[in-house]
Amino acid sequence: MDLGALRQLTTELNFDAHGVPATVTRPDLDPVETKGIWARPLFEDQPIGAEFSQREPRRVMAFSRAEFPTIERATVVSAPEQMGGAAVDWQTDGIVATEGRYFLVKMIAKTSLI
């Protein structure tokens, strides 16, 4: 029994139910309107000697692999932090994990890059 279609439907339903609207602009490509799901923040280990620096969790967003084969570092994503909120510009900082039909991407608010 092939469950591929059922898995794809489940992924689409999750993004429809939990996703926020996002505009993804990969380097040298046109913007793509899609949805992303904010995932649990990522706590990263700090380098030695950084015990007294501020430690904040990294934001992580899930994107469907059906829409993007990958998302390059420095891709700009415009998305609200919650449904109905104002869109904020984010920049991707690498893929955290690939999970079946979606992947998790580290996000940095573009205002923190200035």
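Residues numbered from 1 in each chain as written. Predicted model: local features only at pLDDT ≥ 70, side-chain atom pairs only at ≥ 80, totals over all residues. Heavy atoms only, no water.

## Thoughts on the nonpolar core
Move 1: Counting residues in hydrophobic clusters, the biggest one holds 15 residues, and the most contacted among them are M61, F63, V77 and M107.
Move 2: For this core, the elements supplying multiple residues, two or more each, are β1 (20-25), β3 (58-64), β4 (76-80) and β6 (102-109).
Move 3: The biggest single contributor to this core is β6, with four residues. (Core = buried A, V, L, I, M, F, W, Y, C linked by side-chain atoms within 4.5 Å. Buried < 20%, exposed > 50% of the residue type's maximum accessible area, 1.4 Å probe, protein only. Helix = DSSP H or I, 4+ residues; strand = E, 2+ residues; numbered from the N terminus.)

## Examining the sheet that holds strand β2 (residues 32-42)
Move 1: Taken in spatial order, the six strands of this closed barrel run β1-β2-β3-β6-β5-β4, and their pairing is antiparallel. Put simply, the sheet's adjacent strands are angled 45 degrees from each other on average, direction ignored.
Move 2: Helix-sheet contacts for helix α1 (residues 4-18) involve β1, β2, β3 and β6, and the interaxial angle to β2 is about 80 degrees. (Pairing = 2+ DSSP bridges. Axes fitted to C-alpha atoms, helices over the stretch in contact; angles between N-to-C directions. Contact = heavy atoms within 4.5 Å.)

## With respect to the packing of aromatic side chains
Each aromatic ring pair is characterised by the separation of its centres together with the angle its planes make.
Move 1: Applying the stated criterion across every chain, the model contains two aromatic pairs.
Move 2: Centroid distance F63 to F68: 6.2 Å. Interplanar angle 90 degrees. Geometry classified as edge-to-face. This pair shows no difference in class: F63 is buried, exactly as F68 is.
Move 3: The aromatic ring of W38 is capped on one face by R59, whose charged end is 4.2 Å from the ring centroid. (Phe/Tyr/Trp six-rings, centres within 6.5 Å; stacked < 30°, edge-to-face > 60°. Lys NZ or Arg CZ within 6 Å of the ring centre and 35° of its normal.)

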